[in-house]
Structures are given as C-alpha cells and as structure tokens.
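Observations on chain architecture
In case you want the letters, here they are:
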Amino acid sequence: MAFKQVTSPHAHGAKSTANVMKLVVLATIPGLIALTWHFGWGSLINVVLACLTAVISEALVLKIRKRPLAFYLGDYSAVVTAVLLGLALPPLCPWWVVVIGTVFSVVIAKQLFGGLGYNPFNPAMVGYVVLLISFPVQMTTWITPLALLPEGLSHPDFIESLRLVFSSLAPVDGITGATPLDSFKHTSGLTVDQIYQQDSLFSQAMFAGVGWEWVNLGFLAGGIIMLSNRLFTWHGPVAMLATLALMSLIFWDSGSSQSPGSMMMHLFNGASMMGAFFILTDPVSSTVSNRGRLVYGALIGFLVYIIRAWGNYPDAIAFAVLLANFCAPFIDNYTLPRTYGHTDRRKATERSED
Amino acid sequence: MRQTWVTPGGVHPPENKHQSVTQPIGSLPIPEKLVVPLGQHIGAPAIACVKLGDKVLKGQKIADPAGTVSVAIHAPTSGTVSAIEARPIAHSSGIEALCIEITSDGKDQWIALQGIADFEHTTPKTLLSIITDAGIAGMGGAGFPTAVKLNPGFHRPIDTLIVNATECEPYITADDALIRERAEEIIEGIRILSHTLGNPSNILIGIEDNKPEAIQALEPHTQDTGINVVSFPTKYPSGGEKQLIYILTGKELPSGQIPADIGIVCVNIGTTYAIKRAVVEGEPLVSRVTTMTGEACEINRNYDVLIGTPVSHMLEHNKFDAEKCSRVIMGGPMMGFSLMSKDIPIVKTSNCLLAPSVEEIPHNEPAQPCIRCGMCAEACPASLLPQQLLWYSQAKDYDRLQSHNLFDCIECGACSYVCPSNIPLVQHYRSSKSDIKKAEEEKIKSAQARERFEFRQQRIEQADKEREAKRAARREAALQAKKTAAPNSAADIVAAAQARTEAKQLSPEQEQAKLERAVSSAEMRVQKAQSKLDTAVASEEPEDKIKILSAALSGAQQKLEKAKTRLAEQSN
C-alpha cells in the first residue's frame with residue numbers, strides 16, 4: 001500500500017528508547033568492575049538478582065494490566081532500574097533485601113503510577129530508601145575494600161558469595177567494615193588531618209577513600225560515555241557536583257574536628273558520581289529544561305551536602321534525589337527557555353487572558 | 001565571508017540529495033489530462049473564467065484571482081476544458097477541492113506572449129499586477145501570493161531582501177538544479193524583485209554549504225550587482241523563514257509578526273525564476289521544477305513539470321514500483337505529506353515527489369511512552385519544550401500549551417525525528433493548535449451570543465418596566481377617580497365622566513397640531529379632487545361622472561373650510 005495517510009515527519013533518527021536504556025546499562029560497567037574489584041562478587045550478584053526480579057515483576061504487572069509483554073519489556077527500563085539499585089546496595093546483602101527493594105521499585109514506584117514515563121519519583125531510589133529505613137543493619141554492612149583486608153583474609157569467591165547471599169548469613173567479621181563517609185562521620189574529637197593519618201580508609205587512599213575513589217572514577221567514566229553519546233545534557237550532573245564542591249569549600253573550616261570534610265572526599269566518596277550521572281539524570285523524574293536541570297542538580301548537591309554534614313545518614317543521594325523529585329514539577333514552571341521571537345522567558349503558570 | 005548566526009537545535013538527517021542531481025532537469029511527455037486546482041495558494045481560490053468544453057491555449061487564463069490575496073490560474077497546455085469539479089488535491093488531509101480538468105490536444109500551443117524587456121522603467125505597481133496575473137505564489141511550500149508579499153505598504157520600509165535557496169529538506173534538489181542551470185535568469189528575477197521593493201540596501205541569497213555547484217553557478221552573475229550569496233553550514237531546518245532570517249541577519253522575527261514588520265522580505269529562489277519568466281517573457285506560471293526521487297522509482301531526477309500533471313503520470317515515467325514503496329510523499333521526508341491517491345496533481349508548491357522504499361523510510365513504529373529524555377528540546381529550533389507540549393496536548397490543557405508558546409512551533413518535525421520513543425509529536429501539536437483555534441472562535445461566538453442575549457433581556461426588562469409604570473399610573477388615576485366618586489349619586493357619575501373626558505382631552509399644543517394636520521390633509525384632498533376633475537374634463541368623460549367629481553370637490557372644499565375655522569377658533 002503505497003498510497004496511505006501517514007503524518008510527517010516521515011524520516012526518523014536512529015535512536016530508540018531501548019537503545020538509550022541499553023547504553024545506560026553498558027555505561028555502568030566501569031563502575032561495576034571497580035566495585036567488583038574492590039569489594040568482591042557481591043555487587044555483580046546484586047545486579048543479576050535485581051534484574052531477574054525486575055523483569056519477572058514487571059512482566060507480572062503488565063499481565064495484570066493487560067499490556068503486551070514484549071513491547072513494554074523491550075524498553076529495558078526495568079533492567080536499568082534494577083541495575084542501578086543493585087549497584088547501590090551493599091555487596092553480599094541477603095537476597096531478600098535485593099528482591100524486596102526491586103519489587104518495590106518496579107511495582108510500587110513505577111508500574112502503580114502508570115509505568116515508564118509516569119513515575120514521579122526515581123524508582124531505584126524509592127526502593128533504596130524503603131530498604132534503608134526498613135533494614136538499617138543489612139543496608140549499612142559494607143565490605144572492606146580489597147586493599148585493607150587483614151593479612152590472610154580474602155573476599156569470598158563466587159560460589160561462597162552466592163552461598164552467603166542465599167543463606168542470609170552475615171559475612172565473616174574482618175571482611176566487613178565502615179565506608180569512608182561512615183567512618184568520617186562517626187569519628188569525633190579528631191581533626192581531619194588526624195583522621196586521615198589514623199584511618200587506613202583514608203591513609204592508604206590516593207585522594208578520597210580506598211576503593212571508593214576507583215568506584216567513583218568508574219561511574220565518572222560511564223557518565224562521560226553517556227554525555228558523549230548525548231543521552232543527557234551536562235547541566236544536571238555538573239550543577240550537582242559543582243554545588244557539592246562549593247558547599248564543601250565553604251564549610252571546610254580548614255579541617256578542624258568539626259569540619260564536614262574536604263571537597264575531594266565529598267566528590268569521590270559514597271554515591272557522588274553514580275548519583276550525578278546515573279541517578280539524577282533519570283529524565284522521567286527530573287526537570288525538563290536545561291535551566292531547570294541546573295536548579296535541580298544544584299538542589300540535589302546542596303541537599304546531599306547538608307544531610308552528609310549535619311544529618312543522620314553518612315550518605316544522602318537517595319534522599320536528596322527523592323526530595324528534588326518533589327520539586328521538579330515546580331521548578332519546571334519557572335524555568336522555561338526563551339522561545340524564538342519572544343523577548344522574555346514565560347512562566348508555565350501564565351494564563352491566557354479571558 | 002559575511003557573518004552568519006547559528007540557530008539553536010536542528011538535526012542532520014541523511015541528505016540523500018545526490019541521487020536526483022546526476023542528470024539535468026528533464027521534461028515529461030504531456031499527460032492526456034491535466035487537473036488544475038483553483039486553490040494552489042494561500043488565500044481565496046481563484047474563480048474559473050472558462051466553461052466546460054471551451055478550447056484553451058497554453059498560458060491562457062482559466063481562473064481570475066478572487067480579491068487581493070489570490071492569484072490567477074492558467075492553462076498548462078493547450079486543449080479542451082473537460083471538467084470543472086471537485087477532485088482530490090495535494091493536501092495533508094486528503095480533501096477534495098474545485099479543479100479544472102484540461103484534456104490536452106497534444107499541440108502544447110502557447111497564447112501570444114508579451115514581456116517587458118525594460119522592467120527598470122516600469123512602475124512597481126505595474127510589475128505587481130503582472131506578477132499576480134501570472135499566477136505567481138511562493139514556490140517554496142506555503143504558496144503565499146508573491147505580489148502581496150512584495151507590497152508591504154509605506155509603513156513598512158524594506159531594507160533587506162532575502163532569497164531562500166536553503167533547500168534544507170533531505171532529498172529535494174529542485175532549487176539546486178534550477179540554480180545550476182538557470183542562475184542568470186534567477187538573478188534577473190531578483191533584480192526585478194529588488195526594483196519592486198524600491199531597491200533595498202541588502203540583498204542576500206541564503207544557501208546551505210551542501211550545494212557548492214549552485215553557489216559557483218551564481219557567482220559570475222552576482223558580481224557587481226550588490227547581491228550577496230551567503231552560504232552557511234547545512235542543518236535542518238535552516239530554510240524555515242524565521243530560522244533563515246536569524247542565520248542571515250541575527251534578528252529574530254518577533255512572535256506573531258511578519259518579516260516586513262522588521263524590514264525584511266523573504267522569497268523562495270524558485271519564485272524569483274518564475275517572476276523573471278513572467279515579467280520579461282510574459283509567461284505565466286504553468287510549470288515548475290519538481291524533484292522525482294526515492295528508491296521505489298528507478299529514475300531519480302528533476303523535471304520541468306506542467307502544473308496539473310497527475311502524480312501517477314510522473315510515477316509511471318520513472319518506473320515506480322508500488323510493492324517496494326512505503327508511502328508516496330509530496331514534499332520532503334520532514335514536512336511533506338503522504339498522498340492518498342495517485343490522481344493528485346502537481347501544483348505550484350510541489351517541490352518534490354518522494355517515493356521511498358520501505359528500507360529507506362520504514363513503516364512507523366508504534367509509539368512508546370515519553371520518558372522526557374529531552375532530545376526533542378535539544379533539537380527544537382524554536383527553543384520550545386516539546387515533551388511538555390506533548391504532556392499538555394494529551395491533557396488538553398490549553399492555558400499551559402499557550403504559556404509554553406505552542407503557536408511558535410513551526411512544525412518542522414525535528415522533535416519527532418529525534419524522539420527515541422517514536423512519538424508523532426508534531427501531529428499532537430497540529431491537533432492541539434486547531435483545537436485551540438476552534439475553542440477561541442467558539443469563545444468569540446459565545447461572547448457575541450451572550451451580549452445579544454443580555455441586550456435582549458435588558459430591552460425586555462425596560463419594556464416591562466415601562467408597561468408596569470403606565471399600568472400603575474392608570475391604576476392610580478382609577479383609584480383617585482373612585483375616591484372622588486365615592487358618594488354614588490347621579491351628579492357624581494356625571495362629574496366623573498366629565499373628569500374622564502377632561503383627562504382624555506389633549507393639551508392646547510397637541511390640539512393645535514391635530515387641527516393643522518386636519519387642514520393640510522383636507523387641502524390635499526381638495527387638490528386631488530380638483531386634479532381628477534381636470535383630467536376628466538380634459539379627456540371628455542361622460543357628463544354624469546364629471547358631476548360626481550365636481551360634487552366631491554365641493555364637499556372637500558367645505559370640509560377644508562370647516563377645518564380652517566376650527567383651527568382659527570383654537571388659535572384664538
């Protein structure tokens with residue numbers, strides 16, 4: 001049938017949502033490798049387990065909602081959510097932690113709101129926060145980085161890791177420990193210099209925290225891959241990292257015992273880079289214009305620093321992103337770009353005069 | 001090198017222009033029947049001035065322009081008018097409109113042509129009427145009557161003439177081929193345009209840098225003419241009028257204004273060629289260069305096509321394979337529209353006929369949900385937020401659509417082109433635009449209806465009030481009368497009757513006027529009776545009739561006397 005009505009444009013670019021999602025998954029590989037190298041097989045098991053759970057639960061919900069399975073599963077969005085959650089969870093955490101978090105992310109945070117494109121909150125971060133609040137012990141037990149393992153101990157091998165995850169046994173003492181942010185937060189009465197000398201997490205690090213600096217560099221590399229493929233614009237990540245850096249410069253106070261830590265420590269520890277490039281760039285739950293993304297990114301950087309410095313939690317990406325998700329529609333109203341032929345930016349709330 | 005400015009957004013779809021420029025502009029055999037629509041331009045459709053069965057010559061006017069925003073239509077070849085009826089025309093919604101069908105006699109015989117060699121000594125006004133009578137409307141795509149554009153009025157002095165040779169749509173090479181082969185005539189056309197506009201100080205030909213041959217062809221003819229050929233990097237949609245104005249001048253056309261408001265007139269380069277032919281040779285617009293391209297046709301090249309040539313005729317001569325073809329498009333792959341019938345004729349705005357194979361332009365994928373990735377916003381040349389517009393289009397939130405400047409969307413399709421979810425964004429915007437326009441018209445209509453209704457209510461109330469007031473007055477009078485008539489004696493009744501007559505009696509002025517009216521009407525009657533009697537006497541009517549008439553006259557005279565006496569009494 002050559003003569004039929006089809007709407008213009010007829011030509012179409014090569015990118016597809018599925019490819020975008022696949023590229024996001026691929027871009028996590030440097031970070032995943034760094035995590036696996038420094039903290040053992042746990043992260044990889046988390047990721048695979050989360051992916052399986054995500055695909056099965058997404059399929060079940062689609063079936064209940066009477067949607068075509070292949071079409072919606074084919075967008076890979078559930079896989080992206082699962083990969084990001086799996087990377088964020090502590091390695092070797094019990095299997096049910098991963099499953100509960102993933103089911104919550106996919107079913108409650110995404111599908112119940114209408115599925116892909118309609119979720120107001122970042123699904124992975126909703127799952128993460130639910131777990132963090134419900135199972136604080138499991139969620140705060142991290143693995144000691146490879147370089148700091150006591151003499152004669154090593155990370156469990158793959159089979160042993162699987163056994164630990166599925167038996168829900170806690171890993172052996174000695175291979176678990178605090179994260180640098182955690183350790184820094186809970187060391188009182190010491191100046192920053194003293195902490196850096198006494199705590200091997202810092203004293204043996206290059207510039208931020210043993211193992212963690214590599215993980216952050218890995219996610220930074222992934223972020224740069226995505227940026228160069230134009231999956232998103234630089235505005236969000238740069239605004240977030242710049243605000244985080246600025247805040248840590250302003251409140252550095254030359255390293256007293258009250259100091260919340262240096263700029264490098266904040267930029268290359270915890271989930272800073274993963275948050276900047278993989279979490280806040282989730283387009284569905286973030287703001288839409290470039291100016292909006294600057295505000296949104298800056299807000300997240302600001303919140304992350306405030307919670308890390310003066311809040312109860314050592315890291316804060318998930319909370320900061322969810323709080324900023326709340327603000328996104330509001331920010332959108334006041335950050336419209338200036339359209340061709342108009343002298344001023346307009347506000348979305350303007351009414352046409354009746 | 002002249003400075004150029006860079007527009008935001010834009011996309012780089014595969015150009016696919018090389019296929020159709022390997023051969024020079026060709027011509028097709030004259031089709032047996034040509035279908036010429038009466039509305040090929042923006043504005044009122046022309047009015048047919050031939051009848052069924054009339055013999056016409058090539059170039060003979062077959063329809064007159066209807067009003068100022070309209071152009072004439074001419075017979076594309078010699079033959080017979082074989083139908084004047086509604087036919088499917090080149091339109092995105094596949095509608096039918098009035099067309100004149102001409103059955104060719106195969107002779108292709110021109111009417112006598114008379115051109116003006118010395119246009120510099122011809123007034124712009126004369127030139128404008130030649131352009132309208134030659135049926136020239138913008139040939140870039142919109143089809144706006146060129147003479148209207150060239151006559152912006154004294155309050156809009158023009159300092160810049162922009163000739164649009166951008167041809168930014170993929171596949172299309174009609175302008176490119178035209179420039180390569182007929183650059184001299186194009187420049188002549190531009191000089192005519194410049195003359196009608198009072199010789200603006202800047203004359204710019206805007207052309208993308210993917211047409212080096214065309215740029216080279218223009219160069220020898222533009223030397224020392226003050227005409228600048230300005231080339232700039234290829235990017236879709238640089239050829240949009242608003243975009244081109246910005247690229248060449250750095251000025252933005254304010255929203256809702258026309259280029260003439262900022263001293264600019266923008267004309268397609270194909271139109272300048274048509275103007276030259278019309279003015280210098282006296283040839284009306286009966287053919288145009290159209291690109292025939294796409295993998296579903298074996299031959300890809302440009303043709304000088306007679307207006308009214310059915311698409312089927314073009315396809316057949318280029319070995320069209322319907323099996324291979326995904327859709328037949330009039331225009332380019334970005335803004336062109338698909339055709340629903342092969343009988344649709346080529347019109348003045350048809351720059352391309354694209355018959356792509358399924359591999360070239362695959363069937364549309366089903367749309368996935370919008371993930372607000374923002375690639376559309378990065379591609380938008382107008383700096384809109386297409387993803388928000390989609391959201392509000394689906395919600396039918398007209399206020400938000402307008403605050404997001406929906407009406408500044410030029411429907412270039414760059415957003416849909418980049419959308420990874422295959423969402424037909426432009427279609428959503430088109431439909432929302434027409435919904436809003438409709439809603440606004442209805443608002444105006446209902447406002448008028450409300451005004452009328454309110455006025456009527458007010459009028460009825462007023463009348464009611466007046467009536468009520470009269471009634472009240474009467475009631476009051478009756479009450480008064482009753483009061484005075486309370487003792488029910490005969491004398492009182494008489495008195496009451498007298499009072500009523502007195503109440504009915506007119507004031508002296510009114511009485512006077514009434515009597516004067518009586519006198520004048522009595523006078524009229526006397527005159528009438530007199531004249532009747534006179535005519536009767538003159539025509540020697542029977543005696544008894546004359547008697548009756550004279551009696552009537554004397555009666556009338558008596559009545560007049562009476563009336564006069566009464567008036568005299570009253571005056572005293």
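Keep in mind that what you see is a predicted model, and the values were worked out from it rather than measured. (Residues numbered from 1 in each chain as written. Chains lettered and ligands numbered in written order. Predicted model: local features only at pLDDT ≥ 70, side-chain atom pairs only at ≥ 80, totals over all residues. Heavy atoms only, no water.)

What follows covers the sheet that holds strand β8 (residues 96–104) of chain B. All names here are of chain B. Taken in spatial order, the four strands line up as β2-β8-β7-β4 in an open sheet, and their pairing is antiparallel. The open sheet has two edge strands with one neighbour each: β2 (33–37) and β4 (55–56). Here β2 runs beside β8; their pairing, made up of five bridges, is antiparallel. Residue pairing in the sheet places K33 in a bridge with T103 of β8. (Pairing = 2+ DSSP bridges. Helix = DSSP H or I, 4+ residues; strand = E, 2+ residues; numbered from the N terminus.)

So, about the interface of chain B and chain A. Reports of interface size often rely on the accessible area that becomes lost once the parts have come together. The interface is formed by 69 residues belonging to chain B together with 51 residues belonging to chain A. Together, the buried faces of chain B and chain A total about 5,100 Å²; carbon and sulfur atoms form 53% of this surface. Taken together, chain B and chain A are joined by one salt bridge. On inspection of chain B and its partner chain A, the count reaches 37 residue pairs in polar contact (both at pLDDT 80 or more). Elements with a minimum of two residues in the side of chain B that touches chain A: α5 (241–249), β16 (337–338), α8 (375–379), α9 (386–395), α10 (398–403), α11 (414–418) and α12 (425–484) of chain B. Taken together, the residues of the side of chain B that touches chain A sort by class into 32 nonpolar, 25 polar and 12 charged. (Contact = heavy atoms within 4.5 Å. Buried area = accessible area lost by both parts, 1.4 Å probe. Salt bridge = Lys/Arg side-chain N within 4 Å of Asp/Glu carboxyl O. Polar contact = N/O pair within 3.5 Å; in protein donor to acceptor, adjacent residues only side chain to side chain. Nonpolar A, V, L, I, M, F, W, Y, C, P; charged D, E, K, R; others polar.)

Once that is clear, we can look at the packing of aromatic side chains. Counted under the stated rule, the structure contains 19 aromatic pairs over all chains. Taken together, a centroid distance of 6.0 Å and an interplanar angle of 25° make the contact between F251 of chain A and Y305 of chain A stacked. With F251 of chain A in the loop between α14 (235–250) and α15 (263–267) and Y305 of chain A in helix α17 (residues 290–310), the pair connects residues that are 54 residues apart, well separated along the chain. F251 of chain A sits in the partly exposed class, given a relative accessible area of 33%. Each member of the aromatic cluster is reached from another via a ring pair, and the members are F39, W142 and W212 of chain A. A cation over a ring is seen here: R372 of chain B above W391 of chain B, with NZ or CZ 5.9 Å from the ring centre. (Phe/Tyr/Trp six-rings, centres within 6.5 Å; stacked < 30°, edge-to-face > 60°. Buried < 20%, exposed > 50% of the residue type's maximum accessible area, 1.4 Å probe, protein only. Lys NZ or Arg CZ within 6 Å of the ring centre and 35° of its normal.)

Glancing now at the domain arrangement of chain A. All names here are of chain A. In terms of domains, chain A is made up of domain 1 (15–170) and domain 2 (178–333). Of the roughly 2,700 Å² buried at the junction of domain 1 and domain 2 (both faces included), carbon and sulfur atoms supply 81%. Counting every contact that joins domain 1 to domain 2 gives zero salt bridges. One can count three residue pairs in polar contact (both at pLDDT 80 or more) joining domain 1 with domain 2. Among the elements of the structure, α1 (17–27), α2 (29–39), α5 (77–88) and α7 (123–134) are those that each provide at least two residues to the side of domain 1 that touches domain 2. It is α7 that provides the largest number of residues to the side of domain 1 that touches domain 2, a total of seven residues. In terms of residue class, the side of domain 1 that touches domain 2 is made up of 26 nonpolar, six polar and one charged. (Domains from an automatic or database assignment.)

Let's shift gears to the sheet that holds strand β11 (residues 227–232) of chain B. All names here are of chain B. As summarised here, the arrangement of the four strands in space is β11-β10-β9-β12, forming an open sheet in which the pairing is parallel. Only two strands of the sheet have a single partner each, and these edge strands are β11 and β12 (264–268). On average, adjacent strands in this sheet sit at an angle of 25° to one another, irrespective of strand direction. Both strand β10 (residues 202–208) and β11 contribute to a ladder of six bridges, which runs parallel. Within β11, the position partnered with G206 by the bridge is V230. Helix α4 (residues 212–222) rests against β10 and β11 of the sheet, and its axis sits at about 160° to β11. Helix-sheet contacts for α5 involve β9 (160–164), β10, β11 and β12, and the interaxial angle to β9 is about 120°. (Axes fitted to C-alpha atoms, helices over the stretch in contact; angles between N-to-C directions.)

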